[in-house]
Amino acid sequence: MKKTNPPRILLEHHLKTLRLSVFLREHRKIATQCASDKCDYETYLLRLSEQELLEREERGTERRIRAAKFPVLKTMADFDFGAARSLNKKQLFELARCEWIDRRENVIMLGNPGTGKTHLSIALGLAACQRGYHVKFVTAAGLVNELVEARNEKRLLKLQKQLAKVSLLLIDELGYIPFSKTGAELLFETFSQRYERGSTIVTSNLPFEEWTSVLESERLTGALLDRLTHRVHILPIEEESYRLSQSKARKRKRK
Ligand code: ADP
Ligand code: MG
């Protein structure tokens, strides 16, 4: 018959109640290691708590990445800076350290389709999740639809509160679809509410002069740009589409 061990049963019950899942899973294994290393009690506790913390951080990062709703996962490491010479690699790695998010600054990426704007904005968003920031990815059209829908269903305030809570809001693809007057006003309100309170990344295929074509009103565009560009890092990407240049390179190889 297997011998029961009441203190251990009780200990494991307490660890479960305290939600110390790593202590629960690892305490015996680390105890054996510590015994063979001749560690004292404090080192034993230190090793266990370090492991618990590490796993919690990892789980937190995974949760934040899921909550951000990135359409795909792209990292700085998969980005070929050789193909994007107009970008300053050092500046992007500096941005990936996220200090600008603490300063509530913004980032705007401007460039033709296929030049890596979405890729880089996701990579910065991912870096922010890893550093503990709450991030949300939306397309400009998706966000405007969500805002208009929420307003129609009288839950705009709730959505605005949710948006205000994220440290980094990523608004991708401003410029492809023009907004209705209400849509543009609601988008402006979102920028206004984030001003000096949270960071935003905006990507667009349009230069600033043409933003009026999607927001319709010149006055609104001016006011929006005024808030967005007060503290901003502007990254103009001047290359042609990455996919296009890759397929041209493949064709050249085949010849
Ligand atoms: P944009 O948002 O500017 O239209 P994307 O970021 O969607 O462009 O890029 C299109 C595709 O090309 C994506 O799969 C992206 O990962 C890839 N891509 C673009 N630029 C680069 C680059 N410099 N290095 C690696 N992949 C790139
Ligand atoms: Mg894109």
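Note: the structure precedes this text.
Please read all numbers here as calculations on a predicted model, not as lab measurements.

Reading the values: the criteria
- Residues numbered from 1 in each chain as written.
- Chains lettered and ligands numbered in written order.
- Predicted model: local features only at pLDDT ≥ 70, side-chain atom pairs only at ≥ 80, totals over all residues.
- Heavy atoms only, no water.
- Helix = DSSP H or I, 4+ residues; strand = E, 2+ residues; numbered from the N terminus.
- Rg over C-alpha atoms; globule rule 2.2 N^0.38 Å.
- Buried < 20%, exposed > 50% of the residue type's maximum accessible area, 1.4 Å probe, protein only.
- Contact = heavy atoms within 4.5 Å.
- Areas by Shrake-Rupley, 256 points an atom, 1.4 Å probe, with all protein chains shown as cover.
- Lys, Arg positive; Asp, Glu negative; His and termini not counted.
- Charge placed at Lys NZ, Arg CZ, Asp CG, Glu CD.
- 1 Å grid on protein atoms, 1.4 Å probe; cavity = no way out; pocket = protein on both sides within 12 Å on 5 of 7 lines; lining within 4 Å.
- Points joined across faces, edges and corners; volume = space filled by probe spheres on them.
- Nonpolar A, V, L, I, M, F, W, Y, C, P; charged D, E, K, R; others polar.
- Near = heavy atom within 4 Å.
- Polar contact = N/O pair within 3.5 Å; in protein donor to acceptor, adjacent residues only side chain to side chain.
- Expected span 1.5 Å × (residues − 1).
- Bend = angle between axes of the 7 residues up to and from the residue.
- Pairing = 2+ DSSP bridges.
- Axes fitted to C-alpha atoms, helices over the stretch in contact; angles between N-to-C directions.
- Salt bridge = Lys/Arg side-chain N within 4 Å of Asp/Glu carboxyl O.

Draft legend 1. Inspection of the overall build of the protein at higher detail. On a plain count of helices and strands, the protein comes out with twelve helices and five strands. Taken over C-alpha atoms, the radius of gyration comes to 24 Å for the protein, far larger than the 18 Å a tight globule of 255 residues would show. Principal axes of the C-alpha set define a box for the protein whose edges measure 80 × 60 × 35 Å. Going through the 255 residues of the protein one by one, you find that 39% of them count as buried. Long-range contacts, defined here as pairs at least 24 residues apart, represent 77% of the contacts in the protein between residues at least 6 apart. Just so you have it, the protein exposes about 15800 Å², and 53% of that area is on carbon and sulfur atoms. Across the protein, 46 positive and 33 negative side-chain charges occur, with their mean positions spaced 5 Å apart.

Draft legend 2. Up close: the layout of surface pockets. Roughly 500 Å³ of volume is contained in the largest pocket. Surrounding the largest pocket, 24 residues form its lining, Gly114, Thr115, Gly116, Tyr242 and Arg243 being those nearest its centre. When grouped by side-chain class, the residues that make up the lining of the largest pocket number seven nonpolar, eight polar and nine charged. Forming the boundary of the second largest pocket are Arg8, Leu11, Leu15, Phe23, His27, Arg28, Ala31, Tyr44, Leu45 and Leu48.

Draft legend 3. Broad picture of the site of ligand 1. Near ligand 1, the surroundings consist of 14 residues, among which Asp80, Gly114, Lys117, Thr118 and His119 are the closest. Between ligand 1 and Thr115, the relevant distance is 3.1 Å, taken from an oxygen atom to a main-chain nitrogen or oxygen of the residue. In this structure, His119 approaches ligand 1 through a side-chain N or O atom, which is 2.7 Å from an oxygen atom. Protein chains bury 84% of the 560 Å² of accessible surface belonging to ligand 1 in isolation. Among the elements of the structure, helix H6 (117-130) and helix H12 (242-254) are those that each provide at least two residues to the shell around ligand 1. A total of three residues in the shell around ligand 1 trace back to one element, the largest contributor, which is H6.

Draft legend 4. Summary view of empty space enclosed by the protein. As enumerated under the stated definition, the model contains one cavity of 30 Å³ or more in all. Quantified by volume, the largest cavity comes out at close to 90 Å³. As for the largest cavity, its lining consists of Arg104, Asn106, Phe191, Arg194, Tyr195, Glu196, Gly198, Thr200, Arg227, Leu228, His230 and Arg231. For the lining of the largest cavity, the elements supplying multiple residues, two or more each, are helix H9 (181-194) and helix H11 (218-228). Residue composition of the lining of the largest cavity, grouped by class: three nonpolar, four polar and five charged.

Draft legend 5. Quick look at the side chain of Gln160. Among the structural elements, Gln160 can be located in helix H8 (residues 156-165). Excluding residues that lie within four positions of it along the chain, Gln160 makes contacts with Glu189 and Gln193.

Draft legend 6. Layout of helix H2 (residues 21-37). Under the 1.5 Å per step criterion, the end-to-end length of H2 is 24 Å for 17 residues, consistent within 8% with the ideal 24 Å. In the structure, H2 departs most strongly from a straight axis at His27, where the bend amounts to approximately 55°. Buried within H2 we find Val22, Phe23, Glu26, His27, Ile30 and Cys34. Those residues of H2 that are buried are in contact with helix H1 (6-17) and helix H3 (41-68). Looking one or two places after H2, you find Lys38, whose phi comes out positive at around 55°.

Draft legend 7. Geometry of the sheet that holds strand E1 (residues 106-111). Pairing within the open sheet is parallel, and its five strands lie in the order E2-E3-E4-E1-E5. Edge positions in the sheet fall to strand E2 (135-139) and strand E5 (232-237), since each of these pairs with one other strand and no more. Strand after strand, the sheet turns through a mean of 10° between neighbouring axes, direction not considered. Pairing geometry for strand E3 (residues 168-174) and strand E4 (residues 199-204), over five bridges, is parallel. By the bridge assignment for E4, Leu168 is matched with Ser199. Those strands touched by helix H7 (residues 140-152) are E2 and E3, and its axis lies near 95° from that of E2.

Draft legend 8. Main features of the pattern of salt bridges. Under the criterion given, the structure shown has 13 salt bridges. The closest approach of N and O atoms between Lys248 and Glu240, which form a salt bridge, is 3.0 Å. When salt bridges with common partners are traced through the structure, they connect Arg25, Glu26, Lys29, Glu55 and Arg59 into a single cluster.

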